[in-house]
Amino acid sequence: YVGCSDGILRKAESIRGPYHPIAKFPLPRPNDTAPEDYVIYEDPQLFVDRRGHFHCLYHAYQRKGPSDDCSDSLVSAHAYSPDGYQWYTSSVPPYGTQIQVLEPNTVDGRNTTTTTTKILATRERPKPVFDSNGVMTHIVEAVCGSPNCFKDANRCVACKTHRWDFTLISSFSL
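Residues numbered from 1 in each chain as written. Predicted model: local features only at pLDDT ≥ 70, side-chain atom pairs only at ≥ 80, totals over all residues. Heavy atoms only, no water.

### Things to note about the nonpolar core
Line of reasoning, step 1. The biggest cluster of nonpolar side chains holds 12 residues, and these are Leu9, Ala23, Phe25, Val39, Tyr41, Phe54, Cys56, Tyr58, Ala60, Ala77, Ala79 and Trp87.
Line of reasoning, step 2. Elements with a minimum of two residues in this core: strand E4 (39-48), strand E5 (54-62) and strand E6 (76-81).
Line of reasoning, step 3. Residue contributions to this core peak at 4 residues, all from E5.
Line of reasoning, step 4. Not counting residues within four places of it along the chain, the set of residues in contact with Ala23 comprises Gly7, Ile8, Leu9, Gly84, Tyr85 and Trp87. (Core = buried A, V, L, I, M, F, W, Y, C linked by side-chain atoms within 4.5 Å. Buried < 20%, exposed > 50% of the residue type's maximum accessible area, 1.4 Å probe, protein only. Helix = DSSP H or I, 4+ residues; strand = E, 2+ residues; numbered from the N terminus. Contact = heavy atoms within 4.5 Å.)

### Description of the sheet that holds strand E1 (residues 2-3)
Line of reasoning, step 1. Strand order across the open sheet formed by 3 strands is E1-E2-E3, with antiparallel pairing between neighbours. Each edge of the open sheet is held by one strand with a lone partner, namely E1 and strand E3 (20-24).
Line of reasoning, step 2. Pairing geometry for E1 and strand E2 (residues 8-11), over 2 bridges, is antiparallel. Bridge pairing in E2 links Val2 to Arg10. (Pairing = 2+ DSSP bridges.)

### Some details on the environment of Phe54
Line of reasoning, step 1. With respect to the helices and strands, Phe54 occurs in strand E5.
Line of reasoning, step 2. Judged by relative accessible area, Phe54 falls into the buried class, the value being 7%.
Line of reasoning, step 3. Along the primary structure Phe54 and Pro82 are separated by 28 residues, whereas in three dimensions their C-alpha atoms are 6.2 Å apart.
Line of reasoning, step 4. Filtering out sequence-adjacent residues up to four positions away, Phe54 remains in contact with Tyr1, Leu46, Phe47, Val48, Ala79, Tyr80, Ser81, Asp83, Gly84 and Trp87.

### Notes on the pattern of salt bridges
Line of reasoning, step 1. This structure, assessed with the given rule, holds 3 salt bridges.
Line of reasoning, step 2. For Glu141, the salt bridge identified is with Arg123, shortest N-O distance 2.8 Å. Taken as a pair, Glu141 in strand E11 (residues 136-144) and Arg123 in strand E10 (residues 122-130) lie far apart in primary sequence, 18 residues in all. (Salt bridge = Lys/Arg side-chain N within 4 Å of Asp/Glu carboxyl O.)

### Description of the pairing of strand E8 (residues 98-107)
Line of reasoning, step 1. Pairing between E8 and strand E9 (residues 110-119): 10 bridges, direction antiparallel. Looking at the pairing, Gln100 lines up with Thr117 of E9.
Line of reasoning, step 2. Connecting E8 to the antiparallel partner E9 that follows it, the hairpin turn spans 2 residues, and Asp108 within it adopts a positive phi of roughly 50°.

### Re the sheet that holds E6
Line of reasoning, step 1. Strands sit in the order E4-E5-E6-E7 across an open sheet of 4 strands; the sheet is antiparallel. At either margin of the open sheet sits one strand with a lone partner, and together these are E4 and strand E7 (88-89).

Set out below in C-alpha coordinates:
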(Lines give C-alpha, C1' and ligand atoms only; values in the text may rest on other atoms or scores of the structure.)
Protein backbone atom coordinates (compact mmCIF):
# COMPACT_ATOMS: atom_id res chain seq x y z
CA TYR A 1 0.00 0.00 0.00
CA VAL A 2 1.09 3.58 -0.69
CA GLY A 3 -0.64 6.68 0.61
CA CYS A 4 0.20 9.86 -1.29
CA SER A 5 -0.36 13.57 -0.68
CA ASP A 6 -2.97 13.55 -3.44
CA GLY A 7 -5.22 11.63 -1.04
CA ILE A 8 -5.26 8.40 -3.05
CA LEU A 9 -4.45 4.99 -1.53
CA ARG A 10 -2.74 2.68 -4.00
CA LYS A 11 -2.02 -1.04 -3.78
CA ALA A 12 0.37 -3.37 -5.59
CA GLU A 13 1.15 -7.07 -5.29
CA SER A 14 4.88 -6.25 -5.33
CA ILE A 15 6.96 -3.27 -4.22
CA ARG A 16 7.91 -2.88 -7.89
CA GLY A 17 4.29 -2.14 -8.80
CA PRO A 18 2.27 -1.39 -10.71
CA TYR A 19 0.24 0.45 -8.07
CA HIS A 20 -3.49 0.75 -8.61
CA PRO A 21 -5.82 3.22 -6.86
CA ILE A 22 -8.19 1.51 -4.43
CA ALA A 23 -9.55 4.39 -2.31
CA LYS A 24 -9.47 8.15 -1.81
CA PHE A 25 -8.75 9.71 1.57
CA PRO A 26 -11.14 12.47 2.56
CA LEU A 27 -9.10 15.64 2.91
CA PRO A 28 -11.33 18.12 4.73
CA ARG A 29 -11.21 21.76 3.71
CA PRO A 30 -12.55 24.53 5.93
CA ASN A 31 -16.02 25.43 4.67
CA ASP A 32 -15.97 29.04 5.80
CA THR A 33 -12.67 30.23 4.34
CA ALA A 34 -11.73 31.78 1.05
CA PRO A 35 -10.28 29.42 -1.59
CA GLU A 36 -6.75 30.73 -1.06
CA ASP A 37 -6.88 29.76 2.62
CA TYR A 38 -7.17 26.05 2.00
CA VAL A 39 -5.35 23.43 4.01
CA ILE A 40 -2.21 21.76 2.66
CA TYR A 41 -1.68 18.06 3.46
CA GLU A 42 1.77 16.54 3.05
CA ASP A 43 4.12 13.91 4.47
CA PRO A 44 1.46 11.17 4.68
CA GLN A 45 2.36 8.24 6.93
CA LEU A 46 0.20 5.21 6.29
CA PHE A 47 0.03 2.38 8.84
CA VAL A 48 -2.21 -0.45 9.97
CA ASP A 49 -2.91 -0.78 13.69
CA ARG A 50 -3.02 -4.06 15.62
CA ARG A 51 -6.79 -4.35 14.95
CA GLY A 52 -6.16 -4.22 11.19
CA HIS A 53 -7.51 -0.66 10.81
CA PHE A 54 -5.79 1.71 8.43
CA HIS A 55 -4.57 5.17 9.50
CA CYS A 56 -2.86 8.04 7.74
CA LEU A 57 -1.13 10.82 9.68
CA TYR A 58 -0.37 14.04 7.82
CA HIS A 59 1.55 17.19 8.37
CA ALA A 60 -1.17 19.78 7.65
CA TYR A 61 -1.16 23.56 7.53
CA GLN A 62 -3.23 26.43 6.23
CA ARG A 63 -1.82 28.16 3.18
CA LYS A 64 -2.20 31.55 4.88
CA GLY A 65 -2.59 32.50 8.48
CA PRO A 66 -1.05 34.39 11.38
CA SER A 67 2.65 33.97 12.07
CA ASP A 68 3.07 36.13 15.16
CA ASP A 69 1.58 33.47 17.48
CA CYS A 70 1.89 29.80 16.52
CA SER A 71 0.21 28.42 19.67
CA ASP A 72 -2.92 27.26 17.82
CA SER A 73 -1.59 26.68 14.31
CA LEU A 74 -2.72 23.62 12.39
CA VAL A 75 0.14 21.07 12.17
CA SER A 76 -1.51 17.65 11.83
CA ALA A 77 -4.43 15.68 10.39
CA HIS A 78 -5.65 12.08 10.66
CA ALA A 79 -7.65 9.87 8.31
CA TYR A 80 -8.69 6.34 9.28
CA SER A 81 -10.46 3.33 7.80
CA PRO A 82 -11.65 -0.02 9.13
CA ASP A 83 -10.91 -1.72 5.79
CA GLY A 84 -8.73 0.55 3.59
CA TYR A 85 -11.65 1.35 1.28
CA GLN A 86 -14.06 3.54 3.28
CA TRP A 87 -12.17 6.43 4.91
CA TYR A 88 -13.08 8.96 7.60
CA THR A 89 -11.36 12.00 9.06
CA SER A 90 -11.05 13.22 12.61
CA SER A 91 -12.69 16.57 13.29
CA VAL A 92 -9.88 17.39 15.74
CA PRO A 93 -6.20 17.19 14.76
CA PRO A 94 -4.31 14.38 16.54
CA TYR A 95 -1.84 16.86 18.03
CA GLY A 96 -1.04 20.55 17.97
CA THR A 97 1.87 22.92 18.40
CA GLN A 98 2.03 22.81 22.20
CA ILE A 99 4.12 20.16 23.96
CA GLN A 100 4.87 19.49 27.62
CA VAL A 101 8.56 19.36 28.55
CA LEU A 102 10.20 18.36 31.83
CA GLU A 103 12.96 20.83 32.60
CA PRO A 104 15.56 20.17 35.29
CA ASN A 105 16.16 22.77 37.96
CA THR A 106 17.60 23.05 41.43
CA VAL A 107 15.58 24.24 44.43
CA ASP A 108 17.29 24.60 47.82
CA GLY A 109 20.16 22.45 46.61
CA ARG A 110 17.87 19.63 45.43
CA ASN A 111 17.49 18.54 41.83
CA THR A 112 13.88 18.70 40.66
CA THR A 113 11.95 18.99 37.42
CA THR A 114 9.34 21.45 36.30
CA THR A 115 6.77 20.84 33.56
CA THR A 116 6.58 23.67 31.06
CA THR A 117 4.67 24.18 27.82
CA LYS A 118 6.68 24.83 24.67
CA ILE A 119 5.18 26.06 21.40
CA LEU A 120 6.49 24.70 18.11
CA ALA A 121 5.87 26.62 14.89
CA THR A 122 5.53 23.43 12.87
CA ARG A 123 5.63 19.63 13.29
CA GLU A 124 6.39 17.79 10.05
CA ARG A 125 7.18 14.35 8.60
CA PRO A 126 5.40 12.30 11.30
CA LYS A 127 6.85 8.81 11.74
CA PRO A 128 4.95 6.56 14.16
CA VAL A 129 6.93 4.03 16.22
CA PHE A 130 5.32 0.78 17.45
CA ASP A 131 6.14 -1.73 20.17
CA SER A 132 6.30 -5.50 19.60
CA ASN A 133 2.52 -5.73 20.19
CA GLY A 134 1.75 -3.23 17.41
CA VAL A 135 0.85 -0.39 19.77
CA MET A 136 2.00 3.10 18.75
CA THR A 137 4.33 4.30 21.49
CA HIS A 138 6.11 7.31 19.97
CA ILE A 139 6.07 9.68 17.05
CA VAL A 140 9.23 11.12 15.48
CA GLU A 141 8.94 14.49 13.72
CA ALA A 142 10.91 17.36 12.24
CA VAL A 143 9.94 20.49 14.17
CA CYS A 144 10.65 24.21 14.28
CA GLY A 145 11.18 25.27 17.89
CA SER A 146 10.00 28.83 17.55
CA PRO A 147 6.73 30.02 19.17
CA ASN A 148 6.32 32.69 16.50
CA CYS A 149 7.68 33.53 13.10
CA PHE A 150 9.45 36.36 11.34
CA LYS A 151 7.55 39.52 10.41
CA ASP A 152 6.98 38.85 6.71
CA ALA A 153 5.90 35.21 7.03
CA ASN A 154 2.34 34.48 5.92
CA ARG A 155 2.02 31.38 8.13
CA CYS A 156 3.85 29.58 10.95
CA VAL A 157 5.03 26.73 8.71
CA ALA A 158 7.40 29.22 7.01
CA CYS A 159 9.43 29.67 10.22
CA LYS A 160 11.55 26.59 9.49
CA THR A 161 13.58 28.56 6.97
CA HIS A 162 14.68 31.19 9.52
CA ARG A 163 14.60 29.49 12.95
CA TRP A 164 16.26 26.53 14.63
CA ASP A 165 14.89 23.12 13.70
CA PHE A 166 15.34 19.73 15.34
CA THR A 167 14.00 16.18 15.55
CA LEU A 168 11.38 15.59 18.26
CA ILE A 169 10.52 12.16 19.66
CA SER A 170 7.23 12.25 21.60
CA SER A 171 5.89 9.40 23.68
CA PHE A 172 2.23 8.43 24.01
CA SER A 173 0.42 7.41 27.15
CA LEU A 174 -2.20 5.10 25.69
